[in-house]
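# Coordinate analysis (summary)
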Amino acid sequence: MTGKEYRTITDVKGPLVFLNKTEPVAFGEIVELRLTDGTLKNGQVLDTSDDQVIVQVFEGTASIDKQTGIKFLGDVFKLPVSTDMIGRILDGAGRPRDGGPAIVADEMADIIGAAINPYSRQSPDTFIQTGISAIDACTSLVRGQKLPIFSASGLPHNDIALQIARQAKLVDSDDDFVVVFCAMGITAEEYNFFVHDLERTGALENACLFVNLADDPAVERLITPRLALTAAEYLAFEKDYHVLVIYTDMTNYCESLRQIGAAREEVPGRRGYPGYMYTDLAMLYERAGLVKGKKGSITQFPILTMPGDDITHPIPDLSGYITEGQIVISRELHQKGIYPPINVLPSLSRLMNAGIGDGKTREDHKSVSDQLYAAYAQGRELRGLVAIVGEDALNERDLQLLKFSDIFEDKFLRQSRDEDRPIQEGTLDLAWKLLSNIDTKYLVRLDQKWIDKYHPTDKKE
Amino acid sequence: MSKENGVIYRISGPVVTAVGISPRMYEVVRVGDEGLMGEVIELHGEQSVIQVYEETSGVRPGEPVIRTGQTLSVQLGPGLLTKIYDGIQRPLPELEKTMGVFIKRGVDADGLDLKKNWNFNATAKAGDSVTPGYVIGTVQETKTIEHRVMIPPGTSGVIKSISSGEFNVTQTVCTLEDGNEIQMMQKWPVRTPRPFTKKHAPEVPLQTGQRILDFLFPLAKGGTAGIPGPFGSGKTVTQQQLAKWSDADIVVYIGCGERGNEMTEVLDEFPHLIDPKTGEALMNRTTMIANTSNMPVAAREASVYTGITIAEYFRDMGYDVALMADSTSRWAEAMREISSRLEEMPGEEGYPAYLSSRLAEFYERAGRVETLAGGDGSVSVIGAVSPPGGDISEPVSQGTLRIVKVFWGLDAGLARQRHFPAINWLNSYSLYPPSLDQWYRDNINSNFPEIRTEISALLQVEAELQEIVQLVGSDALPVDQQLTLEVARMIREFFLQQNAFHDVDTYTDLKLQYTMAKAILSFQEESKKALAGGAALEDVVNVPARTDLMRGRFESGYDVKIDEMLETMIKQIAETMEDN
Ligand SMILES: Nc1ncnc2c1ncn2[C@@H]1O[C@H](COP(=O)(O)OP(=O)(O)O)[C@@H](O)[C@H]1O
Ligand SMILES: [Mg+2]
């Protein structure tokens, strides 16, 4: 089926090429385009019929003309995978970017990735200690979870992601993570920041990078995360690795998706993004988890920047509907000089309950986290009231809660970029200490038995 | 069955166009060399437009398309319970057996285990004249559920022979005089509602053990409810709580376009959860459909129909069935995606113009009915809705709210404060209380409706007072209003909040709910007296017995202990007068 070159382009529109009748071309088939100057580009079939074929060109359609030759390669997009990928830097289409040799395939893996049978999944329930109190106490991460960072431009999401990558460990095992890092349209500066940090800590040897930068083709971004996840699946489910996938920036990915939709003149969904963006994102995010009978796991940390700091924007919104929680970075806290500026209130870890408690973190963890949330939420709400009526109008309970919200931000959230707090003595004990600034009778979320056991001043010894 | 062959003309994602065949609308066809399952959704001149239930990459124009003559149907009979299916009733464990942990394509699997033998116990006898829905025998399908084998719709006559014994679902268990053979398995096209004799008004509540739902915004058996809410507000947890604790006989749980791990969680958890009614595992009464967000969208579109057809089938046996669909928005989006591939004229926000009629038709399949056999059965439907950005002015929320009778509105603000269930008590509603109140008076307490009204009124008053507090602070209010705020806070923190993950708090039966509500009102009444007698508000609200009463709900045996705790509280409140 391969070999024949067609010169039947009728239209070129944005990243799409339309061509007339060819041999029967498969949906999703990979295409090679030869420009008149000899340049090669790659693409993929988006729509195919007896009369017309629509091809999406990864490198963009610049310089393509009606003389451009098109070859159908007879297969859907496959990535050569092997454990030799660890320690390598590849470009956004999976070719070496580090000057090293091509990856010798142990197998060729379809990059679309089949859905994991829900019956074959195993519930993630192993706590990962990140050493960051806000995350460990309030939005605990477990192995196999997909937990995005919702950030915005100018905020230190990269520092947080790297701190997590550096510090993430299981409480009582030294299974290491392999990092698969996927860059989509980030700047060279951001990229260098990541690479230097990974180099500095020696993590680079244990990582595989897929890199599409801001000046690389935008349409290529649609396949880069699929390559990264295909590599991750191979490492996790064929080779028993625990894989941590960090991909950034999902917002650039979604922009590329919107661009294709527009070029196809599809009826747009909200704010111009395609109606199928939910499903498309799910096909990435759902490639996380644990599978029965396999040792490895895929934990995902997608990073996205919320346009206009707006959490209801379709990109964070649809992501939040799919991922197992979110860590929300706050500009307000950042401006107050707090690092990590994590706003725990809109943050959530949906898998937290399975990963914490007796034998995992500590028996009082859930109770403590509920109480931290409740007290901090109420304290923050009172800030608004105080601005209007002044502290004098507050009763004792409210005064204590108000004060607590400041203490919480200053002592609990705030920590340095290399401070790695252990969950029990570092994070939970600190939480108790700070909560003891509030009278016990107002701490209604705490079980009496935990107060008796852990409260620094009220405990019965 | 007329079989005709055609060929593929075009492939665009899940939509394939074929030429050379003239199938019927909604007929199932086999697409491509791999025989992928698809359904005809539009006839257009020479072309038949097909939605394909499996991934289509690699499929080429020119490959064959084969008619099956059948419309999309489910297999109904013993063996549905405890199962987990994909959107087109393929058992997921079977798929795992044939293709491993990743779902590949082109594999068929029967909904029922056709080889398994069941112990059929004939309850009809030769000479009985039978009509559709008539129960001819039973099978103990699971430990707690008796499967009633019925004469299928459209068949009637006089029984010539029938026998008890071990049969699989395709063997004939009963023959009619006219030669018609009856098997335990019947098939039903999913897009057609199963027939019944007539609909009744619902008058019995579906008890869920969730205080805010049962007490303030009850759903009736046979009723409909919508739960809209932004992500993370508690749609799935609420649906799972209903699947666990509602007093339905049968539960059909549809995970429609949502997370894989959430289905795994149900699968892991349900076999270990004990049904308070039967003392047996909850799994015994449950069927699950899982077509997660990354599984093919066309099968997602079908999944709600597969689920509701199974629900109707159990209803026809005379059971009360509760069906949860999480989330109907993903179903609507599947419709939108297919519609846009068909290049149909889009309606609001790109959804097809028929969105609201599809929603209405789906919820219409709920109801309490007189079955064809003259029994009483019901299907209650609870649909989660996932509005973009949490804004319910969008088409799916609006289309749903026009139909359902109960609105449980989830609120991101409450979820952020970890007030769960994050159901907003001010804008949620249920239209059922007028038809259920007699039941409450007869079965719980003759003044149940009045107590409910008092509790909701307090919450309303609180909302008004809060507006003032926002301006002047609570200390500026007169003492009686400060007390009202305390009482309302008690309603919120002690009664409305309920931790789904706490062994005890997760479920409260209706009688205890009533007692708790009464306890709050007693607190109010006694405190008023104490304040009138000169007690200080600070002392009254801080009596230790009140904290004990509130914390007590986390301990088992609370239903027994609460009366005593209440008495102690009343005594302590009275003492606050003496202190002064
Ligand atoms: N009744 C409840 N009790 C305790 N926690 C709850 C309850 N409802 C929701 N939650 C919390 O909120 C999180 C999100 O709930 P979920 O039902 O998954 O939201 P949604 O389906 O609306 O996205 C859960 O993981 C849990 O932590
Ligand atoms: Mg959900």
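Higher on the page you've got the structure.
Attention in this report is confined to the structure presented alongside it. Bear in mind that the values here come from a model prediction, so they are computed numbers and not experimental data.

Before going further, it helps to spend a moment on the overall build of chain B. Counting secondary structure elements, chain B contains 16 helices and 26 strands. Against the globule reference of 25 Å for 580 residues, chain B gives a C-alpha radius of gyration of 27 Å, in line with a compact fold. For chain B, the share of sequence-separated contacts (at least 6 apart) that also reach a separation of at least 24 residues comes to 70%. For chain B, the exposed surface amounts to about 20700 Å²; the carbon and sulfur share of it is 50%. Across chain B, the mean location of the 54 positive side-chain charges is 4 Å away from that of the 79 negative side-chain charges.

When helices and strands are tallied, chain A shows 13 helices and 22 strands. In terms of overall size, chain A behaves like a compact globule, its C-alpha atoms giving a radius of gyration of 25 Å where 461 residues would be expected to give roughly 23 Å. Counting only residues that meet the buried cut, chain A has 62% of its 461 residues in that class. Once local pairs closer than 6 in sequence are excluded, the contacts in chain A between residues at least 24 apart make up 73%. Split by element, the accessible area of chain A, about 16100 Å² in all, is 47% carbon and sulfur. The centroid of the 50 positive side-chain charges in chain A is displaced by 2 Å from the centroid of its 69 negative side-chain charges.

This part covers the site of ligand 1. Taken together, the neighbourhood of ligand 1 is formed by 16 residues, with Arg350 of chain A together with Gly232, Lys235, Thr236 and Val237 of chain B sitting nearest. Separating an oxygen atom of ligand 1 from a backbone N or O atom of Gly232 of chain B is a distance of 2.7 Å. Gln498 of chain B places a main-chain nitrogen or oxygen 3.4 Å from a nitrogen atom of ligand 1. For ligand 1, the protein covers 92% of the area, taking 560 Å² as the surface of the free molecule. In terms of residue count, the dominant contributor to the shell around ligand 1 is helix 3 (residues 235-245) of chain B (three residues). Taken together, the residues of the shell around ligand 1 sort by class into eight nonpolar, six polar and two charged.

Glancing now at the interface of chain A and chain B. With 86 residues of chain A at the contact, the number on the chain B side is 74 residues. Counting each side, the surface lost to burial between chain A and chain B is near 6500 Å², with a carbon and sulfur contribution of 52%. For the interface between chain A and chain B, the tally reads two salt bridges. Here Arg60 of chain B makes a salt bridge to Glu29 of chain A, at a shortest N to O gap of 3.0 Å. Linking chain A with chain B are 37 residue pairs in polar contact (both at pLDDT 80 or more), by the criterion used here. In terms of residue count, the dominant contributor to the side of chain A that touches chain B is helix 10 (residues 365-389) of chain A (nine residues). Split by residue class, the side of chain A that touches chain B holds 44 nonpolar, 20 polar and 22 charged. Across two bridges, the pairing between strand 5 (residues 40-49) of chain A and strand 1 (residues 5-12) of chain B is antiparallel. In the strand pairing of strand 1 of chain B, Thr48 of chain A is matched with Ile11 of chain B.

Moving on, we come to helix 11 (residues 448-472) of chain B. Spanning 25 residues, helix 11 of chain B covers 36 Å between terminal C-alpha atoms, matching the ideal 36 Å at 1.5 Å per step. Listed as buried for helix 11 of chain B are Phe448, Pro449, Ile451, Arg452, Ile455, Leu458, Leu459, Glu462, Leu465 and Val469 of chain B. Close packing links the buried residues of helix 11 of chain B with helix 10 of chain A together with helix 2 (211-216), helix 10 (433-443), helix 12 (479-496) and helix 13 (510-532) of chain B.

Moving on to the sheet that holds strand 15 (residues 169-170) of chain A. If you walk across this open sheet you meet the three strands as 13-12-15 (chain A), and the pairing is antiparallel. On the outer flanks of this sheet lie strand 13 (141-142) and strand 15 of chain A, each paired with one strand and no other.

Looking now at the side chain of Gln482 of chain B. Tracing the sequence through the fold places Gln482 of chain B in helix 12. When sequence neighbours within four positions are dropped, the list of residues in contact with Gln482 of chain B reads Ser474, Asp475, Leu477 and Leu537 of chain B.

Before going further, it helps to spend a moment on the nonpolar core. Residue and element names in this part refer to chain B. One finds Trp408, Ile455 and Leu549 to be the most contacted residues of the largest nonpolar core, which totals 86 residues. Among the elements that make up this core, the one with the highest residue count is helix 13 (11 residues). If near-sequence neighbours (up to four positions away) are discounted, Ile455 is found in contact with Phe215, Leu216, Ile491, Ala517 and Leu521.

Attention now goes to the packing of helix 11 of chain B against helix 13 of chain B. Two measures define how a pair of helices packs: the angle their axes make with one another and the distance between the axes. Residues and elements named next belong to chain B. Between helix 11 and helix 13, whose axes approach to 10 Å, the crossing angle comes to 55°. Between helix 11 and helix 13, the angle is such that the two are oblique. The interaxial crossing formed by helix 11 with helix 13 has left-handed handedness. Of the residues in helix 13, those in contact with Phe448, Ile451, Glu454, Ile455 and Leu458 of helix 11 are Leu510, Tyr514, Ala517, Lys518, Leu521 and Gln524. When its residues are assigned to classes, the contact of helix 11 with helix 13 shows eight nonpolar, one polar and two charged.

Here we come to the pairing of strand 19 (residues 224-228) of chain B. Strand residues, when the strand is regular, have side chains that alternate between the two faces of the sheet. All names here are of chain B. Of all five residues in strand 19, five are buried, a share of seventy percent or more. What you see with strand 19 is no split at all: Thr224, Gly226 and Pro228 on one side and Ala225 and Ile227 on the other are buried throughout. Across five bridges, the pairing between strand 19 and strand 24 (residues 376-385) is parallel. When the bridges of strand 24 are listed, Gly226 appears paired with Gly383. Bridge analysis of strand 19 against strand 25 (residues 406-407) gives two bridges, and the strand direction is parallel.

It is worth spelling out the pairing of strand 7 (residues 69-76) of chain A at this point. In the sheet, strand 1 (residues 5-6) of chain A pairs with strand 7 of chain A via two bridges, with the strands oriented antiparallel. Bridging across to strand 7 of chain A, Tyr6 of chain A finds its partner in Ile70 of chain A.

Inspection of the secondary structure puts Arg416 of chain B in helix 9 (residues 412-416). With 95 residues separating them in the primary sequence, Arg416 of chain B and Lys511 of chain B have C-alpha atoms 30 Å apart. Setting aside residues no more than four positions away along its own chain, Arg416 of chain B makes contact with Leu345, Pro346, Tyr373 and Ala377 of chain A.

Where charged atoms from two side chains of opposite charge approach closely, those side chains can pair. Residues and elements named next belong to chain A. Under the defined criterion, the tally for this structure stands at 75 salt bridges over all chains. A salt bridge links Arg380 to Glu409, with the nearest nitrogen and oxygen atoms 4.0 Å apart. Remark: Glu409 occurs in helix 11 (residues 396-413) and Arg380 occurs in helix 10; sequence separation between them is 29 residues. Residues joined by salt bridges that share partners form a network here, namely Glu332, Lys336, Arg380, Arg383, Asp406 and Glu409.

Residues and elements named next belong to chain A. Within the secondary structure, Gly355 sits in helix 9 (residues 352-355). Exposure remark for Gly355: the relative accessible area of 0% places this residue in the buried category. With 214 residues separating them along the chain, Gly355 and Leu141 place their C-alpha atoms 7.7 Å apart. Contact partners of Gly355, with chain neighbours within four places excluded, come to Asp125, Phe127, Val142, Lys360 and Thr361.

Residue and element names in this part refer to chain B. The contact between helix 3 and helix 4 (residues 260-269) brings their axes to 12 Å, and the two run at 25°. Taken together, the axis directions place helix 3 and helix 4 in an arrangement best described as roughly parallel. In this structure, helix 3 meets helix 4 at a crossing whose hand is right-handed. Packed against helix 3, whose contacting residues are Thr236, Gln240 and Lys244, the element helix 4 presents Glu262, Glu265, Val266 and Glu269 at the interface. Residues of the contact of helix 3 with helix 4, tallied by class, amount to one nonpolar, two polar and four charged.

Here we come to the environment of Ile407 of chain A. All names here are of chain A. One can find Ile407 in helix 11. On the basis of relative accessibility, which here comes to 17%, the residue Ile407 falls in the buried class. Here the alpha-carbon distance between Ile407 and Asn206, two residues 201 residues apart in the chain, equals 39 Å. Setting aside residues up to four positions removed in sequence, Ile407 forms contacts with Phe412, Leu434 and Asn437.

Calculation notes
- Throughout, residues of each chain are indexed from 1 in the direction in which the sequence is written.
- Each chain takes a letter, starting from A, and each ligand takes a number, starting from 1, following the order in which they are written.
- Where totals are concerned, whole chains, interfaces and linings use all residues; where local detail is concerned, this predicted model gives features only for residues with pLDDT of at least 70, and gives and counts side-chain atom pairs only at 80 or more.
- In computing side-chain properties, one takes all heavy atoms of the structure into account and sets aside hydrogens as well as water.
- A helix here means a DSSP run of H or I that spans at least four residues, while a strand means a run of E at least two residues long, and both kinds are numbered starting from the N terminus.
- Only the C-alpha atoms count toward the radius of gyration. The rule for a globule is 2.2 Å times the residue count to the power 0.38.
- In what follows, a contact means two residues having at least one pair of non-hydrogen atoms within 4.5 Å.
- Per-residue and other accessible areas follow the Shrake-Rupley method at a 1.4 Å probe size, with only the shown protein chains counted as cover for residues.
- Under the convention used here, Asp and Glu are negative, Lys and Arg are positive, and both His and the chain ends fall outside the count.
- For charged residues, the charge sits on one atom: NZ in Lys, CZ in Arg, CG in Asp, CD in Glu.
- Buried, partly exposed and exposed residues are distinguished by accessible area as a fraction of the type maximum, computed with a 1.4 Å probe on protein chains only: under 20%, between the cut-offs, and over 50%, respectively.
- Residues are classed as near a molecule or strand on a simple rule: at least one heavy atom within 4 Å of it.
- For the purposes of these results, a polar contact is taken to be a pair of N or O atoms within 3.5 Å, where, inside protein, one atom must be able to donate a hydrogen and its partner to accept one; residues adjacent in sequence count only when each atom of the pair is a side-chain atom.
- Residue type decides the class: Asp, Glu, Lys and Arg count as charged, Ala, Val, Leu, Ile, Met, Phe, Trp, Tyr, Cys and Pro as nonpolar, and the leftover types, Gly among them, as polar.
- Put simply, buried area is the surface a 1.4 Å probe can reach on two separate parts but cannot reach once they are joined, added for both.
- Only one rule defines a salt bridge in this text: a Lys or Arg side-chain nitrogen within 4 Å of an Asp or Glu carboxyl oxygen.
- Paired strands, in this sense, are two strands between which DSSP finds at least two bridges.
- Each helix should span, by expectation, one fewer than its residue count multiplied by 1.5 Å.
- Think of a nonpolar core as a cluster: buried Ala, Val, Leu, Ile, Met, Phe, Trp, Tyr and Cys residues, connected wherever their side-chain atoms sit within 4.5 Å.
- To define axes, lines are fitted to C-alpha atoms, for helices over the stretch in contact only, and angles between the resulting N-to-C directions are given on a 0 to 180 degree scale.
- Orientation labels follow simple angle bins: below 35 degrees gives roughly parallel, above 145 gives roughly antiparallel, 65 to 115 gives roughly perpendicular, and whatever is left gives oblique.
- With the far helix as reference, a near helix turned anticlockwise by less than a right angle produces a left-handed crossing, and one turned clockwise produces a right-handed crossing.

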